[in-house]
Amino acid sequence: MPATSVYRAAAALLIGVAPAMPALAEAPADAGVAETTGLSAASPLLAPDRPTVAPALTDAHDAVRTFYAQRLDAPVWHDASGWTPAADAALKLLQDAHRHGLRPADYLPAEGAALIQAPPTDRADVALTRGVLHYLRDVTGGRIPAAQRPGHRYPHGMPDAPQAAAALLVEALAAPDTAAALAGMMPDHPQYPRLVRALADLRQLRDATGGWPHVPAGQTLREGDVDHRVPLLRAALVLHGDLDPAAASTGETLYDATLAGAVERFQRRHGIAVDGVLGPDTLRTLNVPVGQRIDQIIANLERLRWDPAPPVTGKFVEVNVPDYTLTAYDNGEPALSMKVVVGTEKNKTPLFTDYMDDVVLNPTWTVPRSIAAEEILPQLRADPGYVFGENMQVYSSWSRSAGVVDPFEVDWWAVNGRTMPYRFVERSGPGNALGVVRFSLNNDFAIYMHDTPAKRLFSRPHRSFSHGCIRVEDYDRLLQFVAGPAYESIRAKLDTGRTMTIQLPEPVDVRVTYRTVWRDDTGRLHVRRDVYGNDTEVLQRLQEEGRQLIALKPQDPQD
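Since we're looking at a predicted model, the values are computed, not measured.

**Brief notes about the overall build of the protein**
The helix and strand tally for the protein stands at 17 helices and 17 strands. Buried positions account for 48% of the 559 residues belonging to the protein. Long-range pairs, those at least 24 residues apart, make up 68% of the contacts in the protein with a sequence separation of at least 6. For the protein, the computed accessible surface area is about 26,600 Å², with 53% contributed by carbon and sulfur atoms.

See the structure below:
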């Protein structure tokens, strides 16, 4: 049996779920403990004089008591000879929680590092277990509960709970190298270890230099300009990683081609229009303090803890809202990328996991009630003929059987916008708000992807202009990807101009995410603007969760 299987089997035995374990209800009345737990009678956990921490569990949380109960209240971290090597590993794990953007104080027992420098006690054993269980729960599933995650919605029910922290701890204790097993328990997302490393790098930069220098405001600088701020700009770009340190050793005040190239690299990494010019937007981004960038990484690590690992088989589409991009993957490899337009700050695009199983060709657009009340009703009050210019029909109600009404026969001033009894439908055509293809998603909040006639918006670096839906830059390339071998047939139907819904050959997984920081395959850090303030909200929630945890944390009784 492979080593991994051996220690997983041992883990199963320790938590009392061995396949051969008889049901308690079926055990004979005179059955011994060994028979009713599935453990060997020779197990040290069943010895008559076995050690027990039961008296120290009086004030413990339910999860902690349950964990010990599954091992018959035997100590986890010490034995007759003292603290075990696993105790050292556990303590280091909690001390290193800051590497993941978590606070060690939220998990460490009150004694801290002094815990295992003193002789072991049962209460100290329980305190260390409590800290490790809390840490494993948070690092693998996130600190913020699913119902409180900023911007997230769950069209198919709340996400499954992460693997129980107790099971993870049992697995680590049964592993050949407990320290390595504990350290390796983190989200299975390729960006997670990269951002852990980036967090360490920025903290090291902050501690060593205080961060990059602040470049004062002034005139816009272009290649060939001379300015007294240029040496500071060079120094800042070196610390940002966009300029070779050798190029900053000169005191030249000339904004030369080398410096302009470094500014372009900085702009590209930060989602700014790439022109090599130090304008207001670039200067503002350049001067964001290193501490704020550290906080952004911490917020992104927390969001990565919420998400399941990206699929490595089949087709998968991911939209990153702050980057205004869509990336499609085939069997885990990028297949295409394009720009998107997302919701405004007022009409935020929600973050969710969904699937696409059909497309609507030459769609009509039923205007949502909110848009009808806020945007169309004021226009109709000024000019009832407005709907004709927008290629719309007005229906008497939201019923499918409702008839078309003449907008000139309605007193629009008497219509209550909050209830909006009338339904507005834009006819299909090249000018339709949804363009010529709608990529349907299966959620109850009417968010989907679609083509758009407003192509000019894709040339802008910041693209939050929609009412919440996602407008795609190149509907045809996306249609080719999701349709696969059915593309030619679907394309022929599209060219007829008729409105029709077509099922895709296979459903395609879709995720709408919020990544303001990530590291590419070359190790370069990319940063985007926190367009919806989601980073700020996540950081606030993390602070609140920390305060609640400390408040609930029982004080360890003194021996």
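**Regarding unusual backbone geometry**
The phi dihedral of L72 falls on the positive side, at around 55°, and the residue is not glycine. In this model, M420 sits at a positive phi of 35°, which is unusual for a non-glycine residue. Position of M420 relative to the elements: it lies in the loop between β9 (404-405) and β10 (423-426).

**Some remarks on the pairing of strand β8 (residues 392-395)**
One ladder, built from four bridges, connects β8 with β10; its direction is antiparallel. Looking at the pairing, Q393 lines up with V425 of β10. Summarising the sheet, β8 and β9 pair through two bridges and their orientation is antiparallel. By the bridge assignment for β9, V394 is matched with V405.

**Some words on the pattern of salt bridges**
Per the stated rule, a full pass over the model turns up 24 salt bridges. With a closest N to O distance of 2.9 Å, R197 and D201 form a salt bridge. Of this pair, R197 and D201 both sit in helix α8 (residues 191-209), four residues apart, which is roughly one turn of that helix. Among the salt bridges present, the one from D495 reaches R491, with a minimum N-O distance of 3.1 Å. Judged by its relative accessible area of 53%, D495 is exposed. Residues joined in a network through salt bridges with shared partners are R103, D106, R137, D138 and R143.

**Quick notes on the side chain of T282**
Mapped onto the secondary structure, T282 falls in helix α11 (residues 280-286). Not counting residues within four places of it along the chain, the set of residues in contact with T282 comprises V263, F266, Q267, I272 and V277.

**Quick notes on α8**
Given 3.6 residues per helical turn, the α-helix brings residues three or four places apart onto the same face. The terminal C-alpha atoms of α8, which comprises 19 residues, lie 26 Å apart, in line with the 27 Å expected from a rise of 1.5 Å per residue. Buried within α8 we find Q191, Y192, L195, V196, A198, L199, L202, R203 and L205. Elements in contact with the buried residues of α8: α5 (122-141), α9 (230-240), α12 (290-306), β16 (517-519) and β17 (525-527). Backbone geometry just downstream of α8 places G210 in the positive-phi region, at approximately 85°.

**Thoughts on the side chain of R305**
Within the secondary structure, R305 sits in helix α12. Polar contacts involving the side chain of R305 include one to the side chain of E302, which spans 2.9 Å.

**Description of the confidence of the model for the protein**
Residue-level pLDDT values for the protein average 88, and 87% of them are 70 or greater. The low-confidence segment residues 1-41, where pLDDT is below 50, has 43 contacts with residues more than four positions distant or belonging to other chains.

**Here we look at the environment of P280**
Looking at the secondary structure, you find P280 in helix α11. Separated by 63 residues in sequence, P280 and A217 place their C-alpha atoms 8.1 Å apart.

**A few points about the packing of α9 against helix α10 (residues 257-269)**
At a closest axis distance of 11 Å, the pairing of α9 and α10 adopts a crossing angle of 45°. The angle between α9 and α10 places the two elements in the oblique class. Here the hand of the crossing between α9 and α10 comes out left-handed. In this structure, α9 uses V230, L233, R234, L237 and H240 to contact α10, whose residues at the interface are L259, A262, V263, F266 and R269.

**Overview of the sheet that holds β9**
Here four strands make up an open sheet; going across it, the order is β7-β10-β8-β9 and the pairing antiparallel. The strands lining the two open edges of the sheet, one partner per strand, are β7 (365-366) and β9.

**Comments concerning the nonpolar core**
Core analysis: the largest hydrophobic core is formed by 80 residues, its most contacted members being W77, Y135, L136, L237, Y255 and I297. I371, L377, L441 and V512 belong to the second largest nonpolar core, which has 61 residues in total.

**Considerations on the packing of aromatic side chains**
Two aromatic rings are characterised by how far apart their centres lie and by the angle between their planes. Scanning all chains against the criterion turns up eight aromatic pairs. With a centroid separation of 6.3 Å and an interplanar angle of 25°, the aromatic rings of F388 and F408 are classed as stacked. Residue F388 is located in helix α14 (residues 386-389), and its partner F408 is located in the loop between β9 and β10; the two are separated by 20 residues in the primary sequence. Among the residues examined, F408 registers a relative accessible area of 51% and is labelled exposed. By way of ring pairs, the aromatic residues W412, Y422 and F424 are connected into one cluster. The ring of Y532 carries K348 above its face, with NZ or CZ at 5.8 Å from the centroid. Positioned above the aromatic ring of Y395, the side-chain terminus of R423 is 4.4 Å from the ring centre.

**Focus: helix α13 (residues 369-382)**
Taking 1.5 Å per residue as the helical rise, α13 with its 14 residues ought to reach 20 Å, and the 19 Å between its terminal C-alpha atoms agrees with that figure. Among the residues of α13, I371, A372, A373, I376, L377 and L380 are the ones counted as buried. Next to the buried residues of α13 lie β7, α14, β8 and β10.

**Here we look at the packing of helix α15 (residues 475-483) against helix α16 (residues 487-494)**
At their nearest, the axes of α15 and α16 sit 9 Å apart, and the two run at 135° to each other. On the basis of the axis angle, α15 is oblique to α16. Of α16, the residues touching α15 (which contributes Y475, D476, L479, Q480 and A483) are Y487, I490, R491 and L494. Classifying every residue of the contact of α15 with α16 by side-chain character gives six nonpolar, one polar and two charged.

**Observations regarding the environment of V425**
Along the polypeptide, V425 turns up in strand β10. Given a relative accessible area of 10%, V425 falls into the buried group. Among residues more than four places away in sequence, those in contact with V425 are T364, W365, T366, N391, M392, Q393 and Y395.

**So, the environment of V510**
In this structure, V510 sits in strand β15 (residues 500-513). Between the alpha carbons of V510 and K315 there is a distance of 9.0 Å; along the sequence they are 195 residues apart. The contact partners of V510, leaving out residues within four places of it in the chain, are V317, F352, T353, D354, Y355, M356, L441 and M449.

Procedures and definitions
- Residues numbered from 1 in each chain as written.
- Predicted model: local features only at pLDDT ≥ 70, side-chain atom pairs only at ≥ 80, totals over all residues.
- Heavy atoms only, no water.
- Helix = DSSP H or I, 4+ residues; strand = E, 2+ residues; numbered from the N terminus.
- Buried < 20%, exposed > 50% of the residue type's maximum accessible area, 1.4 Å probe, protein only.
- Contact = heavy atoms within 4.5 Å.
- Areas by Shrake-Rupley, 256 points an atom, 1.4 Å probe, with all protein chains shown as cover.
- Pairing = 2+ DSSP bridges.
- Salt bridge = Lys/Arg side-chain N within 4 Å of Asp/Glu carboxyl O.
- Expected span 1.5 Å × (residues − 1).
- Polar contact = N/O pair within 3.5 Å; in protein donor to acceptor, adjacent residues only side chain to side chain.
- pLDDT = per-residue confidence, 0-100.
- Axes fitted to C-alpha atoms, helices over the stretch in contact; angles between N-to-C directions.
- Parallel < 35°, antiparallel > 145°, perpendicular 65-115°, else oblique.
- Left-handed = near helix turned anticlockwise from the far one by under 90°.
- Core = buried A, V, L, I, M, F, W, Y, C linked by side-chain atoms within 4.5 Å.
- Phe/Tyr/Trp six-rings, centres within 6.5 Å; stacked < 30°, edge-to-face > 60°.
- Lys NZ or Arg CZ within 6 Å of the ring centre and 35° of its normal.
- Nonpolar A, V, L, I, M, F, W, Y, C, P; charged D, E, K, R; others polar.

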